[in-house]
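Listed here are the chains, written in short residue letters.
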Amino acid sequence: MDSYKHKKIVAIGGGHGLGRILAAIKGIGDNATGIVTTTDNGGSTGRIRHCQGGIAWGDTRNCINQLITDPTVESTMFEYRFKGAGELHGHNLGNLMLTALDNLSVRPMEAIRLIRNMLKVQVNIVPMSEHPSDLKALAVDGNWVHGETSVDEMKQDLLRLELDPVVPATNEAIVAIDQADYIVLGPGSFLTSIMPPLLLPEIGRAILNNRTAKVIFIENISPEDGPAGRMKIKQKLEWCERACQGRKIDVAIVDNSHPDVEPEWFFFKADLASPNREWRHDREKLKNAIVAQFDH
């Protein structure tokens, strides 16, 4: 288990799923990097983007929240959500703090560093891009659906998923992928958390070019709603590989067997569910499942 602390691990995704992985591997400190989706347009984040512009901060804030070890006044402030009947109702103070730093012309990466230092978070948090972009999806009927929340609610299946506009990836994300020993995709919302960073050509190319890293896909425990919930694991793995310009997924960590596609990919089956919340991944079990790949 000691060798685990010397590995460089990059995890890609958003919100709850990415935060869960980063919390599981935070023992390696700044050898862990989370590349965070920035396309959310719902809730507090969506309201802020509508008024102020900029990238979506909600997934980044969620990841940082899950990495806070010791509650402090600062962490309580960062996690605080306003209640009431006014304009502030539903807003998270952490989102507003990050937006304020962005508005002060502080580079988003530097804003995250300031917050990480304040909250004593060692794990690196990197937005997929420092430029605002949204998701759009082409449905099987030929219509385009715009915005992450609308994609999640689509009744029809998808033919294609894109970013609008196409934006450059964060340089720190590319460097982290170049140096990674392990690249973890998931768990989390497949279309709206895992896929957006992979849609950036530089990120897909960086994963392709790092031939020594092991690429790991982690399946969700509970089924998703919307179009992602209608996708089989074969389709998800194919989408990831296509976005990574043909780079093969080395192992899929799953909770259930998939005998129909097991000849095509290597599957590592593990019980990952939290004992008190079966729909959520247990942090210790996640860490053990990832560490188990070091010996394969």
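These remarks concern the structure in this document. (Residues numbered from 1 in each chain as written. Predicted model: local features only at pLDDT ≥ 70, side-chain atom pairs only at ≥ 80, totals over all residues. Heavy atoms only, no water.)

**Side note on the pattern of salt bridges**
Here is step 1 of the chain: According to the stated counting rule, one finds 14 salt bridges in the structure shown.
Here is step 2 of the chain: Put simply, R107 and E130 hold a salt bridge, and the shortest N to O gap is 2.8 Å. Of this pair, R107 sits in the loop between α5 (93–103) and α6 (108–119) while E130 is found in the loop between β3 (124–127) and β4 (134–139), placing the two residues 23 residues apart along the sequence.
Here is step 3 of the chain: Measuring nitrogen to oxygen at the nearest pair gives 3.3 Å for the salt bridge that ties R113 to E110. With R113 and E110 both in helix α6, this residue pair falls three residues apart, about one helical turn.
Here is step 4 of the chain: The partly exposed category is assigned to R113, whose relative accessible area is 29%.
Here is step 5 of the chain: When salt bridges that share partners are traced, they join R107, E110, R113, E130 and E172 into one network. (Salt bridge = Lys/Arg side-chain N within 4 Å of Asp/Glu carboxyl O. Helix = DSSP H or I, 4+ residues; strand = E, 2+ residues; numbered from the N terminus. Buried < 20%, exposed > 50% of the residue type's maximum accessible area, 1.4 Å probe, protein only.)

**Quick notes on α6**
Here is step 1 of the chain: An ideal rise of 1.5 Å per residue puts 16 Å on twelve residues; α6 measures up with 17 Å between its terminal C-alpha atoms.
Here is step 2 of the chain: Listed as buried for α6 are P108, M109, A111, I112, I115, R116 and L119. Seen along its axis, α6 keeps its buried residues to an arc of 160°; they face one direction.
Here is step 3 of the chain: Structurally, α6 contributes buried residues whose contacts are with α3 (58–67), α4 (73–79), α5, β3 and α8 (171–179).
Here is step 4 of the chain: Positive backbone phi, at 60°, marks K120, one or two positions downstream of α6. (Expected span 1.5 Å × (residues − 1). Arc of directions from axis to C-beta. Contact = heavy atoms within 4.5 Å.)

**Section: the sheet that holds strand β8 (residues 214–218)**
Remark on secondary structure: sheet strands pair via backbone hydrogen bonds, oriented parallel or antiparallel.
Here is step 1 of the chain: Overall, parallel pairing links the seven strands, which are arranged β3-β2-β1-β7-β8-β9-β10 in an open sheet. Each end of this open sheet is capped by a strand with a single partner; those strands are β3 and β10 (267–269). Ignoring which end each strand starts from, the neighbouring axes of this sheet average 20° apart.
Here is step 2 of the chain: The pairing of strand β1 (residues 9–13) with strand β2 (residues 32–36) spans five bridges and is classified as parallel. (Pairing = 2+ DSSP bridges. Axes fitted to C-alpha atoms, helices over the stretch in contact; angles between N-to-C directions.)

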